[in-house]
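Residues per chain are reported as follows:
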Amino acid sequence: MWNMLWPLLLLIGCNTVYQICAKSVPAEANAFASVTVTYLVGALIAGTVFLASVKPANALAELGKLNWASFVLGLAIVGLEASTVFLYRAGWKISVGSTIANISLAVVLLLVGYLLFREHITPRQLVGVAVCALGLWLVTAQG
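About the thresholds
Residues numbered from 1 in each chain as written. Predicted model: local features only at pLDDT ≥ 70, side-chain atom pairs only at ≥ 80, totals over all residues. Heavy atoms only, no water. Helix = DSSP H or I, 4+ residues; strand = E, 2+ residues; numbered from the N terminus. Rg over C-alpha atoms; globule rule 2.2 N^0.38 Å. Buried < 20%, exposed > 50% of the residue type's maximum accessible area, 1.4 Å probe, protein only. Lys, Arg positive; Asp, Glu negative; His and termini not counted. Charge placed at Lys NZ, Arg CZ, Asp CG, Glu CD. Contact = heavy atoms within 4.5 Å. Polar contact = N/O pair within 3.5 Å; in protein donor to acceptor, adjacent residues only side chain to side chain. Salt bridge = Lys/Arg side-chain N within 4 Å of Asp/Glu carboxyl O. Phe/Tyr/Trp six-rings, centres within 6.5 Å; stacked < 30°, edge-to-face > 60°. Expected span 1.5 Å × (residues − 1).

Undergrad: With reference to specific residues and values, describe the overall build of the protein.
TA: Broken down by element type, the protein carries six helices and zero strands. Along the chain direction, N to C, the helices and strands of the protein fall in the order α-α-α-α-α-α. A compact globule built from 143 residues would reach a C-alpha radius of gyration of about 15 Å, whereas the protein, at 19 Å, exceeds it by more than 25%. The proportion of buried residues among the 143 residues of the protein is 15%. Charge-centre separation for the protein: the mean point of 7 positive side chains lies 7 Å from the mean point of 4 negative side chains.

Now the structure itself:
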C-alpha cells in the first residue's frame, strides 16, 4: 500500500508548492527568465541525484536508454511552467485556475488513455466525467 501512496503524496505536496510558487512569480518579471532559473535549479538537483544514483561508469549507458519522450517532455514542461505563470497573471485565482485545469486534464487523459493506450473506460469513469463537468460548472458559475 505504501508503494502506491508515497508517490501520490509527493505529487500532491510538490504540486501544491509548484502552484504557490507559480502564483508568486512577480508580475514584472519575465516569465521565461523565471522558467530558466527554475530549470537551472532543477537540472542541478536532478543531475546530482542522477550521478549519485548510478556508478560513474554507467552514467552514459543510462543516458543511452532514453528515447524521444524525454526530449518532448522537456518541451511540454516549459509550456506547462510558462502557461501556469500566464494563467495566474491573467487573473485566475489559485483555487479556481488550478482546479479547472486539473479537472479538464483528468478528462482529457481519460480519453488519451483510451485512444492511445487502449485503457478501458468503465461506466463509473463516465459518471466521474459527468461529475467533473458539474464541478467545473459549479466552480465557474457566477453569482
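Undergrad: I'd like a rundown of the environment of leucine 5, residues and numbers included.
TA: Relative to the assigned elements, leucine 5 resides in helix 1 (residues 2-24). Linking leucine 5 and serine 34, residues 29 residues apart in sequence, is a C-alpha distance of 31 Å.

Undergrad: Please set out the environment of tyrosine 88 residue by residue, giving values where relevant.
TA: Tracing the sequence through the fold places tyrosine 88 in helix 4 (residues 68-89). Counting along the chain gives 73 residues from tyrosine 88 to asparagine 15, while the straight-line C-alpha distance between them is 15 Å. With near-sequence residues (within four places) excluded, tyrosine 88 lies in contact with Gln19, Ala22, Lys23, Lys93, Ile94 and Ser98. At 2.4 Å, the side chain of tyrosine 88 forms a polar contact with the side chain of glutamine 19.

Undergrad: Please set out the pattern of salt bridges residue by residue, giving values where relevant.
TA: Counted under the stated rule, the structure contains one salt bridge. Notably, a salt bridge pairs glutamate 62 with lysine 65, separated by 2.9 Å at the nearest N-O pair. Residue classification places glutamate 62 among the partly exposed positions, given a relative accessible area of 29%. Given a relative accessible area of 61%, lysine 65 falls into the exposed group.

Undergrad: Quick one: what's the story with the packing of aromatic side chains, residue by residue and with numbers?
TA: The relative placement of two aromatic rings is captured by the distance of their centres and the angle of their planes. Counted by the stated rule, this structure contains one aromatic pair. Judged by centre distance (6.0 Å) and plane angle (65°), the ring pair of phenylalanine 32 and phenylalanine 86 falls under edge-to-face. With phenylalanine 32 in helix 2 (residues 31-53) and phenylalanine 86 in helix 4, this residue pair connects regions lying 54 residues apart in the sequence.

Undergrad: Please set out helix 5 (residues 94-117) residue by residue, giving values where relevant.
TA: Helix length check: helix 5, at 24 residues, gives a terminal C-alpha distance of 32 Å against a target of 34 Å (1.5 Å per residue), a fit within 8%. Looking only at helix 5, the buried set comprises Gly97, Ser98, Ile100, Ile103 and Gly113. Positive backbone phi, at 55°, marks arginine 118, one or two positions downstream of helix 5.

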